[in-house]
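Observations on the three-dimensional arrangement
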Protein chains: 4
Amino acid sequence: MIIIDYKDRRPIYEQVVERFQELILKGVLEPDSQLPSVRNLAMDLSINPNTIQRAYAELERQGYIYSVKGKGSFISDNNHLVQCKKDEILLEVLQLVKEAKEIGITKEIFLSKVNEGFEEEGKDD
Amino acid sequence: MIIIDYKDRRPIYEQVVERFQELILKGVLEPDSQLPSVRNLAMDLSINPNTIQRAYAELERQGYIYSVKGKGSFISDNNHLVQCKKDEILLEVLQLVKEAKEIGITKEIFLSKVNEGFEEEGKDD
Amino acid sequence: MIIIDYKDRRPIYEQVVERFQELILKGVLEPDSQLPSVRNLAMDLSINPNTIQRAYAELERQGYIYSVKGKGSFISDNNHLVQCKKDEILLEVLQLVKEAKEIGITKEIFLSKVNEGFEEEGKDD
Amino acid sequence: MIIIDYKDRRPIYEQVVERFQELILKGVLEPDSQLPSVRNLAMDLSINPNTIQRAYAELERQGYIYSVKGKGSFISDNNHLVQCKKDEILLEVLQLVKEAKEIGITKEIFLSKVNEGFEEEGKDD
DNA sequence: GTGGTCTAGACCACT
DNA sequence: GTGGTCTAGACCACA
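Predicted, not measured: the structure shown is a model, and the values here were computed from it.

With an RMSD of 0.5 Å, chain D superimposes on chain C once it is rotated by 178° and translated 0.0 Å along the axis. Both chain copies can therefore be described as sitting about a two-fold axis. When the interface residues of chain D are mapped onto chain C, 100% of them again fall at the interface, so both copies present the same face.

Quick look at the structure:
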């Protein structure tokens, strides 16, 4: 479920965080379900427990999960987070359009690429 | 022309590289014109010459500039670069559409944001 | 009567302690009345009896309850406790004023906030 | 300038964070001035550099400082932070008033304590 | 068993 | 020199 790419320049804990964000936002991990324990996941991925701990701490800070000492870590309710993520993506759209305009990409070319993206309906990995 | 933001978390050399890329791609810096010398630019920006050296090396590696021993560094022809950048942006469009679809943003909402971006015609900083 | 918030970062036993303190200080639980048994309360809240045990021990240590071997735990007389709590709150007032002064909150602003708080007469949850 | 209290139940990194917040909010540490390096401060306090690193990371996350790789950590502009802190304190005032009312502290007693706090004019440690 | 903190020591990227 | 990441291993609080 979680894959570490050692060639990736980003730190491991960040990759773990991002992967969980994806799984949570897509609803693969349901609210209040339990995450693997810090130690278990660390063993599975053959990385240090502290690294997982850091990833979980970051996810908790961002509101994706909540942790209870002695019990474990659990998925938060994701309604609010999904809305935030949507807003974030739409903001990126604006920035990308701006960049595109500056370098001379026409609205037609841009839109055709957007359509191309939306066409691939089944491929929702 | 170049502004360093020390509060930006990215390394300084990367900020310098990005700024030059922008200026070159937009055609502000014309092909074959000379860049400021490493030492001068370092003094102007009050940063370490090594940092500028590294930025120039990176720009050369990416084909944005070329250096002539004993003469200095010069802007490369940007036709090819502009095309690369366009392709890069269109690829980003596809990726963004993919992300948007996965989180449940409809094509309508996405397109309306794209239009909003293209509407702001005057604001081409 | 007791609600556990698992998303609360504080340990469960602490939440139980605090809730009982509230109920005792407000007089909802009358002096010498009996508390639910450790086992029963643990079952009701679906938590570990050890956790309740710890909460009761803490409440006894602080003088909120007393336990009789073989009979159970009982609410202490709350007169003295109420006075302690009042002193405690007034001490917090002093500390808060100190903090406020240091950061530049004027007496006027502070007092208006205090009045605002005392105005809301009905909302005594 | 920074004192660690080992009897304090809170983690060391949190004590460091809080102390710096105080110094920054009070304006003792001026914007853009440099903090001691992670290693130096760790040596001075005889604690592990990682602990200081964590404190600095937390301060950066909260916007109190900004760090530049290879250069050091610096104080952020604190105007915004002061306002946030003021709002936070005024909210605490409301909560304290609520608690006070519930336990039977009269407005008169509360206000006299507030006045007592504001009277001690010189003692601004 | 769980999460959370801390230490000691290493390595990397950046200036 | 600086900050940032990671590992290995320890200890604590909590359930």
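Moving on: the interface of chain A and chain B. Counting residues at the interface gives 36 residues for chain A and 36 residues for chain B. Taken together, both faces of the contact between chain A and chain B bury some 3700 Å²; the carbon and sulfur share is 72%. By the criterion of area lost to chain B, the three top residues of chain A are K101(A), I103(A) and F118(A), representing 19% of everything that side buries. In this structure, the connection of chain A to chain B is made through four salt bridges. Here E99(B) makes a salt bridge to K85(A), at a shortest N to O gap of 3.8 Å. If you list the elements that add at least two residues to the side of chain A that touches chain B, you get helix 4 (79-103) and helix 5 (107-119) of chain A.

It is worth spelling out the UniProt feature "domain: HTH gntR-type" (unreviewed entry) in chain A at this point. When the UniProt feature table is mapped onto this chain numbering, "domain: HTH gntR-type" (unreviewed entry) sits at residues 10-78 of chain A. The span residues 10-78 of chain A is 51% helical and 12% strand by assignment, and the distance between its end C-alpha atoms comes to 25 Å.

Each partner contributes residues to the interface: chain D has 36 residues there, and chain C has 36 residues. Its largest share of buried area at the contact with chain C, chain D owes to K101(D), I103(D) and F118(D), together 19% of the area lost on that side. Taken together, the connections running from chain D to chain C amount to four salt bridges. The interface formed by chain D and chain C holds seven residue pairs in polar contact (both at pLDDT 80 or more) in total. By residue number, the principal contributor to the side of chain D that touches chain C is helix 4 (residues 79-103) of chain D, which donates 16 residues.

Criteria and thresholds
- Residues numbered from 1 in each chain as written.
- Chains lettered and ligands numbered in written order.
- Predicted model: local features only at pLDDT ≥ 70, side-chain atom pairs only at ≥ 80, totals over all residues.
- Heavy atoms only, no water.
- Least-squares fit on C-alpha atoms with pLDDT ≥ 70 in both.
- Contact = heavy atoms within 4.5 Å.
- Buried area = accessible area lost by both parts, 1.4 Å probe.
- Salt bridge = Lys/Arg side-chain N within 4 Å of Asp/Glu carboxyl O.
- Helix = DSSP H or I, 4+ residues; strand = E, 2+ residues; numbered from the N terminus.
- UniProt positions renumbered as here; feature names shortened; annotations may be inferred.
- Polar contact = N/O pair within 3.5 Å; in protein donor to acceptor, adjacent residues only side chain to side chain.

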